[in-house]
Amino acid sequence: MILYWLTSYFIGTFLTAWWIGKWKKTDLTKMRSGNLGARNAGAVLGKTAFLLTFLGDALKGVLILYIGFYYHFSFEVIAIGGLLGIVGHMFPFWLHFKGGKGIATFIGVALVLDPSLFGVMAICFVLVIALLRSATLSMSIAFSAYAILCWIVPTFSHLSPLSIAILLILYRHRLDILESWNARWWKSTK
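Since the structure is predicted, the reported quantities are computational estimates derived from the model, not experimental observations.

Q: Before we move on, could you go through the environment of I169 and cite the residues and values that matter?
A: Looking at the element boundaries, I169 is found in helix α9 (residues 161-172). The class for I169 is buried, based on a relative accessible area of 0%. Sequence-distant contacts of I169, that is, excluding residues within four places in its chain, are made with I86, M90, K101, G102, I103, F106 and F143.

Below you can see the structure in the form of structure tokens.
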């Protein structure tokens, strides 16, 4: 079990954006936001880089889960593996703990662990974005709803380790959330 968790973290540290940047001879850590996630890869290198990075980061989350399923670990152990994969993505030891913001890896993990709760989060995102017209604020509200449901609905309690991942993701997005909130507030006062 401990070996599985360590492996989960190490798999998480495989940053797709870093490898795509190397392939394109571009150091994404020095471009735009410096983030090694799909959004920055797409902004610097285009839509194909965004798509490849998103898929690569989501699929490593799926791989972590399937390793846990293969060894018949409990859902709680596998959820912790998913959490550690997301932590590895966000804080890779070999890049001085400066990685991506964790959304794509979280999506891969959350979709496979419980598609129904992922669906609730997706519906929440769509409804909120229709109201607020802000992807960042909609993401933060939908992710928060996911975390809350993990704690208050017994059916989803085995997913509670992912609420820690959500707190980390929201922390990493705090400046984006504040910027979007301020832009939304100023827009509504005019």
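Q: Talk me through the pattern of salt bridges; I want residue IDs and the actual numbers.
A: All told, the structure shown has three salt bridges when counted by the stated rule. D27 is the salt-bridge partner of K30, the closest N and O atoms lying 3.2 Å from each other. Using a relative accessible area of 67% as the deciding quantity, one classes K30 as exposed. Its salt-bridge partner being D176, residue K101 comes within 2.7 Å of it at the nearest N-O pair. Highlighted residues: K101 in the loop between α5 (75-90) and α6 (103-113) and D176 in helix α10 (residues 174-189), separated in sequence by 75 residues. The exposure class assigned to D176 is partly exposed, which follows from its relative accessible area of 21%.

Q: Talk me through the packing of helix α7 (residues 115-132) against helix α8 (residues 135-152); I want residue IDs and the actual numbers.
A: Two elements in contact, α7 and α8, have axes whose closest approach is 8 Å; the angle formed by their N-to-C orientations is 145 degrees. For the crossing formed where α7 meets α8, the hand is right-handed. Contact residues: α7 offers L117, F118, V120, M121, C124, F125, V128, I129 and L132, while α8 offers A135, L137, S138, M139, I141, A142, F143, A145, Y146, L149 and C150. Counted by class, the contact of α7 with α8 contains 19 nonpolar, one polar and no charged residues.

How each quantity is defined
- Residues numbered from 1 in each chain as written.
- Predicted model: local features only at pLDDT ≥ 70, side-chain atom pairs only at ≥ 80, totals over all residues.
- Heavy atoms only, no water.
- Helix = DSSP H or I, 4+ residues; strand = E, 2+ residues; numbered from the N terminus.
- Buried < 20%, exposed > 50% of the residue type's maximum accessible area, 1.4 Å probe, protein only.
- Contact = heavy atoms within 4.5 Å.
- Salt bridge = Lys/Arg side-chain N within 4 Å of Asp/Glu carboxyl O.
- Axes fitted to C-alpha atoms, helices over the stretch in contact; angles between N-to-C directions.
- Left-handed = near helix turned anticlockwise from the far one by under 90°.
- Nonpolar A, V, L, I, M, F, W, Y, C, P; charged D, E, K, R; others polar.

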